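# Examining the three-dimensional arrangement
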Amino acid sequence: MKALVLSGGTGTRLRPFSYSMPKQLIPVANKPVLEHVLENIAELGVTEIGVIVGDWLTEIDRVVGDGSRFGVRITYIRQDAPRGLAHCVALARPFLGDDDFVMYLGDNMLPEGIGAVAEEFRATRPAAQVVVHKVPDPRAFGVAETAADGTVLRLVEKPAHPRSDLALIGVYFFTPAVHEAVAAIEPSARGELEITDAIQWLVEQGARVRASEYAGYWKDTGRTEDVLECNRRLLDALEPRVAGEVDDASELIGRVVVEAGARVVRSRIEGPVVIGADTVVENSHIGPYVSLGRGCLLRATGMSDSIVMDGASISGIPGLRGSLIGRSAVVGPSEHVASHHRLVVGDHTRVEVAA
C-alpha cells in the first residue's frame, strides 16, 4: 500500500497565516499538522508517500524533507491550482501505479490513528473505503448514506438536505479501481473533479464501497478556533519532561515540557504547556494549554489557551488567551485605552496591545 497526502489548497480560513505559510504547517502541540499526518501513515507500515503540493513546495520540503526521519520516502507532486481531490488522484497516477493506497487530507488531525480502519480495508479490500464521522451539521461535508452493514449506498457532496449525519472526514482507502472512476467523471459545478463523484460512480457500477465510522477524536484544522481546540486535546496527553533550565524562583505545575535549551526564569508554568527549544520565559504566568515554539521570548506576560510560533517575542501583556501568534511576530504593550485579550497575529508582524 502507498499513501497520497494532499497539501495544496489556499487555506483562506486561516489567514493571515496562510499568506506566509501553508496551513498544513500550522503547529499543534509544537508539531506541524502535516507531521502528525505523516506519523499516522508511517504507523500503518506504509513507506511510499506522495505529497500533493501547490505553491508551497519549498516551504513544505524544508520542514518534512524526503521523509527519512519518519521512516518513509516522500515524492512531491505539483498541482498548479486546486482542481479537486479526484484531480489529485489523476495527477498521482504515475506514482501510485496499480497499488492500493490511502488518501489523507494534510490538514486533518486524527491523533488516535487510523490503524483499525487500515486493517479492515486490508482484510476485506473493497474498491473504496471511506472514513466517516457523525457531525451535527453535515451540510458542509460530503455525506455517506449507508446500509446497516456499512455498505455505501450513496454519496452526496455538501447536500442542502442531508439524509445522513455521516460526514467524510478526509481519509480514504482505494484499490486501483478508483482510477477508472476518476477518468469517467466530469468536473462539478464548481469546476473541480470531486472524489465523492468518483466514489459514487463506483457505487453505481456495482463495486463494493464501504464506510468505516471513526470513533476517535477528529478535527479539520481549517480555522483558528479548530487549531486551538486541537492543541488543547493533544496537550492533555503530554508527558512531563524538563530538558532545559528552570530556576528556583519558578514553579512548574502539572504536565509541562521544557525542551533542551529553553529557560524558565521567575515564572509560573501551569500545565499542560510545552516550551520549545531555546525559548526564554521570564517573569511570566503561562498556561494552561499553551504551546510555545522554538526560540521565543516571553517577558512579563500572562497567557493561556494559545499557540506561539517559532521566534515570536511577547512582552508586557498580562492577559492573553485564545491567541495564535505567528513566526517572528513581536507583541508589546501600548498606551491605548482599549484592552485586547485574544490576538491572531501573522508572521513577522509587530503589534502593540494595551496591557
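These notes cover the structure that comes with them. Being a predicted model, the structure only gives us computed values, none of them experimental.

## A word on unusual backbone geometry
A cis amide bond links Gly271 with the next residue in sequence, Pro272, at an omega value of 5 degrees. Within the element layout of this structure, Pro272 appears in the loop between β19 (268–270) and β20 (273–275). Here the amide bond leading from Gly287 into Pro288 is cis, since omega sits at 0 degrees, within 30 degrees of zero. Considering the arrangement of structural elements, one finds Pro288 in the loop between β22 (285–286) and β23 (290–292). Phi is positive for Ala29, which is not a glycine, with a value near 55 degrees. In this structure, Ala29 sits in the loop between β2 (27–28) and β3 (31–32). For Ala29, a relative accessible area of 22% gives the class partly exposed. Positive phi, normally seen in glycine, also occurs at Arg266, with a value near 45 degrees.

## Overview of the sheet that holds strand β28 (residues 320–321)
Taking strand neighbours across the sheet as the criterion, the five strands line up as β16-β19-β22-β25-β28 in an open arrangement whose pairing is parallel. Unpaired on one side and paired on the other, β16 (251–253) and β28 mark the two borders of the sheet.

## A look at the packing of aromatic side chains
Going through the model one piece at a time under the given rule, you end up with four aromatic pairs. In textbook terms, an aromatic cluster arises when at least three aromatic residues are bridged by ring pairs, as seen for Phe101, Tyr172 and Phe174. Looking at Lys2, its charged tip hangs above the ring of Phe95, at a distance of 5.0 Å from the centre.

## A word on the nonpolar core
Side chains of a nonpolar character, in soluble globular proteins, are inclined to be buried together. Within the largest apolar cluster, 37 residues are counted, with the highest numbers of intra-cluster contacts made by Leu4, Met103, Tyr172, Phe174, Ile195 and Ile199. The dominant element in this core, judged by the number of residues it contributes, is helix α7 (residues 195–204), at six residues. If we ignore the near neighbours within four places in the chain, the residues touching Ile195 are Leu85, Ala86, Val89, Met103, Tyr172 and Phe174. By size, the runner-up hydrophobic cluster in this structure holds 33 residues, among which are Val5, Val51, Val102 and Ile114.

## Let's talk about the pattern of salt bridges
This model, assessed by the stated rule, comprises 26 salt bridges. Notably, a salt bridge pairs Lys31 with Glu39, separated by 3.0 Å at the nearest N-O pair. For Glu39, a relative accessible area of 28% corresponds to the partly exposed category. Of the charged contacts, one joins Glu59 and Arg327 as a salt bridge, the two residues approaching to 2.7 Å between their closest N and O atoms. Taken together, the residues span a long stretch of sequence, with Glu59 in helix α2 (residues 57–64) and Arg327 in the loop between β29 (324–325) and β30 (330–334) at a distance of 268 residues. By relative accessible area, Arg327 is classed as buried at 17%. One network of salt bridges, with partners in common, ties together Lys219, Arg223, Glu225, Asp226 and Glu229.

## Re the environment of Asp236
You can see Asp236 is positioned in the loop between α8 (224–235) and β14 (241–242). Along the backbone, Asp236 and Arg255 are 19 residues apart, and their C-alpha atoms lie at a distance of 7.9 Å. The contact partners of Asp236, leaving out residues within four places of it in the chain, are Arg255, Pro272 and Tyr289.

## So, the packing of helix α1 (residues 33–42) against α2
It is at 11 Å that the axes of α1 and α2 come closest, and there the two elements cross at 60 degrees. Considered as vectors, α1 and α2 are oriented oblique to each other. Handedness of the α1/α2 crossing: right-handed. Seen from α1, the contacting residues are Leu34, Glu35 and Leu38; seen from α2, they are Ile60, Val63 and Val64. Classifying every residue of the contact of α1 with α2 by side-chain character gives five nonpolar, no polar and one charged.

About the cut-offs
Residues numbered from 1 in each chain as written. Predicted model: local features only at pLDDT ≥ 70, side-chain atom pairs only at ≥ 80, totals over all residues. Heavy atoms only, no water. Helix = DSSP H or I, 4+ residues; strand = E, 2+ residues; numbered from the N terminus. Buried < 20%, exposed > 50% of the residue type's maximum accessible area, 1.4 Å probe, protein only. Pairing = 2+ DSSP bridges. Phe/Tyr/Trp six-rings, centres within 6.5 Å; stacked < 30°, edge-to-face > 60°. Lys NZ or Arg CZ within 6 Å of the ring centre and 35° of its normal. Core = buried A, V, L, I, M, F, W, Y, C linked by side-chain atoms within 4.5 Å. Contact = heavy atoms within 4.5 Å. Salt bridge = Lys/Arg side-chain N within 4 Å of Asp/Glu carboxyl O. Axes fitted to C-alpha atoms, helices over the stretch in contact; angles between N-to-C directions. Parallel < 35°, antiparallel > 145°, perpendicular 65-115°, else oblique. Left-handed = near helix turned anticlockwise from the far one by under 90°. Nonpolar A, V, L, I, M, F, W, Y, C, P; charged D, E, K, R; others polar.

Read these as spatial facts, not as claims about activity.
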